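Topology and contacts: notes
Here is what each chain is made of, one letter per residue.
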Amino acid sequence: VLEDLGDDLYANVIGKSADEIPLYEAAAELLAHVHAAEAPAKLVAPDGAVWPLLEYDALALEGNADLFVEWVPKAENVRIDDAARARWEKVRDGLIVKALGFPRAFTIRDYHAENLLWLPQREGLKRVGLLDFQDAVRGWRAWDFSMLLHDARRDVSPAAHEAAVRTYLKASGASEAEFQRELAVLGAINVMRILGIFSRLMARDGKMRYREFMPRMW
């Protein structure tokens, strides 16, 4: 399960030693394989420790989305009064209701160019090395795609975005209309979560370098 996957992160090799589109197609093909796997209720470590695979539930979605209204005003020139907060909660709850109606899938969660390694000497799915998978949950396929395609740290080209989605739909047999709807809803929640996290890192922790990533999310 664990091995040295080298140093060739997607973020490092794209545009240098590797083309963007084939790498995103490979990442999408891997997601089709992961999402087709049955998510276990629990995982058992070699030492016998049992770890439940948590479900990304309504409370978790609400807490993640609310990072946006709680922290963006502390980092940006944004004011959210009581009326705006009430409108926010209505919109947020509507998105969550939609999300909870989508099919569940084994979800890696932190699936983006700085957590994927390119291993071209291997074949098939083994060409993509995975880092930072310890936060996996029973979530949704579109969450992983939002992390991959709505990347805060690099511009994913429209061509790579379209190629990844096309590859996934072909490999999984998923309906394009249903998938795009899931990506729109879960992508909105995820992007707001990320904006909230970056705002918290700036306002609370003084890590101002995260400001440079926020324009992509906006």
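Residues numbered from 1 in each chain as written. Predicted model: local features only at pLDDT ≥ 70, side-chain atom pairs only at ≥ 80, totals over all residues. Heavy atoms only, no water.

1. Quick notes on the nonpolar core
- Judged by nonpolar contacts, the single largest core of 66 residues is most densely connected at Tyr 10, Tyr 24, Tyr 111 and Phe 145.
- At twelve residues, the largest contribution of residues to this core is made by helix H7 (residues 176-203).
- Apart from residues lying up to four places away in sequence, Tyr 111 is in contact with Ala 27, Leu 30, Leu 31, Leu 116, Val 128, Leu 130, Asp 144, Met 147 and Leu 148. (Core = buried A, V, L, I, M, F, W, Y, C linked by side-chain atoms within 4.5 Å. Buried < 20%, exposed > 50% of the residue type's maximum accessible area, 1.4 Å probe, protein only. Helix = DSSP H or I, 4+ residues; strand = E, 2+ residues; numbered from the N terminus. Contact = heavy atoms within 4.5 Å.)

2. Remarks on the packing of helix H6 (residues 158-172) against H7
- Viewed as axis vectors pointing N to C, H6 and H7 meet at an angle of 130°, and their least axial separation amounts to 11 Å. The orientation of H6 with respect to H7, classified from their angle, is oblique. Crossing of H6 over H7 shows right-handed handedness. Between H6 and H7, the contacting residues are His 161, Val 165, Tyr 168 and Leu 169 on the first element and Glu 176, Phe 179, Gln 180 and Leu 183 on the second.
- Tallied by class, residues from the contact of H6 with H7 come to five nonpolar, two polar and one charged. (Axes fitted to C-alpha atoms, helices over the stretch in contact; angles between N-to-C directions. Parallel < 35°, antiparallel > 145°, perpendicular 65-115°, else oblique. Left-handed = near helix turned anticlockwise from the far one by under 90°. Nonpolar A, V, L, I, M, F, W, Y, C, P; charged D, E, K, R; others polar.)

3. Quick look at the packing of aromatic side chains
- A complete count under the given rule lists twelve aromatic pairs for this structure.
- Ring geometry for Phe 145 against Phe 179: centres 5.0 Å apart, planes inclined by 85°, an arrangement best described as edge-to-face. Here Phe 145, found in helix H5 (residues 141-149), pairs with Phe 179, found in helix H7; they are 34 residues apart in sequence, far enough to count as distant. This pair shows no difference in class: Phe 145 is buried, exactly as Phe 179 is.
- Cluster of aromatic residues (ring-pair linked, three or more members): Tyr 10, Tyr 24 and Trp 118.
- A cation over a ring is seen here: Lys 74 above Trp 71, with NZ or CZ 4.3 Å from the ring centre.
- Over the face of the ring belonging to Phe 213 we find Arg 153, whose NZ or CZ atom lies 5.1 Å from the ring centre. (Phe/Tyr/Trp six-rings, centres within 6.5 Å; stacked < 30°, edge-to-face > 60°. Lys NZ or Arg CZ within 6 Å of the ring centre and 35° of its normal.)

Without other data, these values stay purely geometric and don't point to any function.
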